[in-house]
Amino acid sequence: MDLLTPLGPGPRHREGLEDGAVLLRGWLGGREAAIMEAIGDIARRSPFRMLTTPGGRTMSVAMTGCGTLGWHSDRQGYRYVPVDPTTGRPWPAMPELLSDVAREAADEAGYASFAPDACLINRYAPGARLSLHQDRDEDALSEPIVSLSVGVAATFLWGGLERSSPTRRIRLDSGDVVVWGGPSRLVYHGVAALARGWHPLTGDKRFNVTFRAVRRPAPRPC
DNA sequence: AAGTCTCA
DNA sequence: GACA
């Protein structure tokens with residue numbers, strides 16, 4: 001049975017997924033519009049693009065990013081790069097609103113001092129999906145992943161440490177935040193094909209904002 | 001293989 | 001589950 005803990009008054013509450021992973025329902029609490037503004041600013045400078053996998057397939061999810069490093073994929077493989085290959089310019093800086101939300105969510109999930117250096121922004125149109133995978137291109141595997149959902153609801157696929165592990169299907173609504181790390185840091189996860197839907201802030205699309213600490217954080221003085 | 005296809 |  002999932003751990004269910006209310007987070008103050010209102011619909012916000014936490015659900016435990018497994019050791020090290022937590023779902024913060026309604027965590028964004030009305031900041032979705034401001035987050036969409038921030039995404040618009042970022043996309044004006046580093047436009048959404050559909051990346052190619054090492055196997056030569058085109059991903060259905062459109063991506064961009066911000067921070068000192070951005071995730072990139074092409075025939076050469078998956079990696080984090082300091083310059084957006086599409087524009088030849090550094091990725092846009094990470095807006096304070098986004099890093100604040102990420103740190104607060106990590107704190108709430110039990111991961112203190114989360115300081116992401118990369119923020120991947122995923123845009124799902126109807127039918128777009130992300131098949132089961134691990135986030136393993138980061139050096140700092142001791143740091144968690146923080147994932148925000150805005151817009152049309154999606155089905156999150158939450159597996160285990162092996163690709164063949166059983167997969168749970170979890171509805172993610174606009175405003176939900178998932179945090180995973182520690183023993184669940186390398187859990188396989190994905191998103192089922194986005195159903196047709198409508199959200200006042202995003203139309204028929206869903207946006208996912210995922211924060212990672214790629215480089216190991218500097219040790220903190222005692 | 002962060003995708004797609006095939007079989008039972 | 002197989003498959004670059």
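Residues numbered from 1 in each chain as written. Chains lettered and ligands numbered in written order. Predicted model: local features only at pLDDT ≥ 70, side-chain atom pairs only at ≥ 80, totals over all residues. Heavy atoms only, no water.

- Chain A appears in an unreviewed UniProt entry as DNA oxidative demethylase AlkB from Ameyamaea chiangmaiensis.

Digging into unusual backbone geometry
Here's step 1: For S113, which is not glycine, the phi dihedral falls at a positive 60 degrees.
Here's step 2: In this fold, S113 is placed in the loop between α2 (96-108) and β8 (118-124). (Helix = DSSP H or I, 4+ residues; strand = E, 2+ residues; numbered from the N terminus.)

Notes on the protein's contact with DNA strand B
Here's step 1: The environment of DNA strand B is made up of 15 residues, and the closest members are T53, G55, Y78, S131 and R163.
Here's step 2: Within 4 Å of the protein, atoms of DNA strand B come from sugar and phosphate in 66% of cases.
Here's step 3: Note that a phosphate oxygen of DNA strand B is positioned 2.9 Å from one of the side-chain N or O atoms of Y78.
Here's step 4: Side-chain polar atom of H133 to a sugar or linking oxygen of DNA strand B: 3.5 Å apart, as the coordinates give it.
Here's step 5: Tallying contributions element by element places strand β9 (residues 130-133) first for the surface near DNA strand B, with 4 residues.
Here's step 6: The class makeup of the residues in the surface near DNA strand B is 6 nonpolar, 4 polar and 5 charged. (Near = heavy atom within 4 Å. Polar contact = N/O pair within 3.5 Å; in protein donor to acceptor, adjacent residues only side chain to side chain. Nonpolar A, V, L, I, M, F, W, Y, C, P; charged D, E, K, R; others polar.)

A word on the nonpolar core
Here's step 1: In terms of nonpolar packing, the biggest core is built from 34 residues, with V146, L148, V177, V179 and F211 touching the most fellow members.
Here's step 2: Counting only elements with at least two residues in this core, the list comes to β3 (21-25), α1 (32-45), β5 (58-67), α2, β8, β10 (145-151), β13 (177-180) and β15 (206-212).
Here's step 3: If sequence neighbours within four positions are ignored, V179 has contacts with G20, A21, V22, L24, A105, A106, A109, Y111, P144, I145 and V146.
Here's step 4: By size, the runner-up hydrophobic cluster in this structure holds 28 residues, among which are M63, L69, I145 and V187. (Core = buried A, V, L, I, M, F, W, Y, C linked by side-chain atoms within 4.5 Å. Buried < 20%, exposed > 50% of the residue type's maximum accessible area, 1.4 Å probe, protein only. Contact = heavy atoms within 4.5 Å.)

Some words on the sheet that holds strand β14 (residues 189-191)
Here's step 1: Ordered in space as β9-β14-β11-β12, the 4 strands form an open sheet in which the pairing is antiparallel. Where the open sheet ends on each side, the last strands, each with one partner, are β9 and β12 (168-172). If you compare each strand with its neighbour and ignore which way they point, the axes differ by 20 degrees on average.
Here's step 2: Of the strand pairs in this sheet, strand β11 (residues 154-158) and β12 are connected by 5 bridges, and their pairing is antiparallel. Opposite L157, over in β12, you have R169 as the bridge partner. (Pairing = 2+ DSSP bridges. Axes fitted to C-alpha atoms, helices over the stretch in contact; angles between N-to-C directions.)

Observations regarding the sheet that holds β13
Here's step 1: The strand order β1-β2-β3-β13-β10-β15-β8-β5-β4 describes an open sheet built from 9 strands, whose pairing is antiparallel. The sheet is open, and its two borders are formed by β1 (4-6) and β4 (49-52), each paired with just one other strand. With direction set aside, neighbouring strand axes in the sheet form an average angle of 25 degrees.
Here's step 2: Here 3 bridges tie β1 to strand β2 (residues 13-18), and the two strands are oriented antiparallel to one another. Its bridge partner being in β2, T5 is matched across the sheet by R14.
Here's step 3: With respect to the sheet, α1 is in contact with β5, β8, β10 and β15, its orientation differing from that of β10 by roughly 100 degrees.

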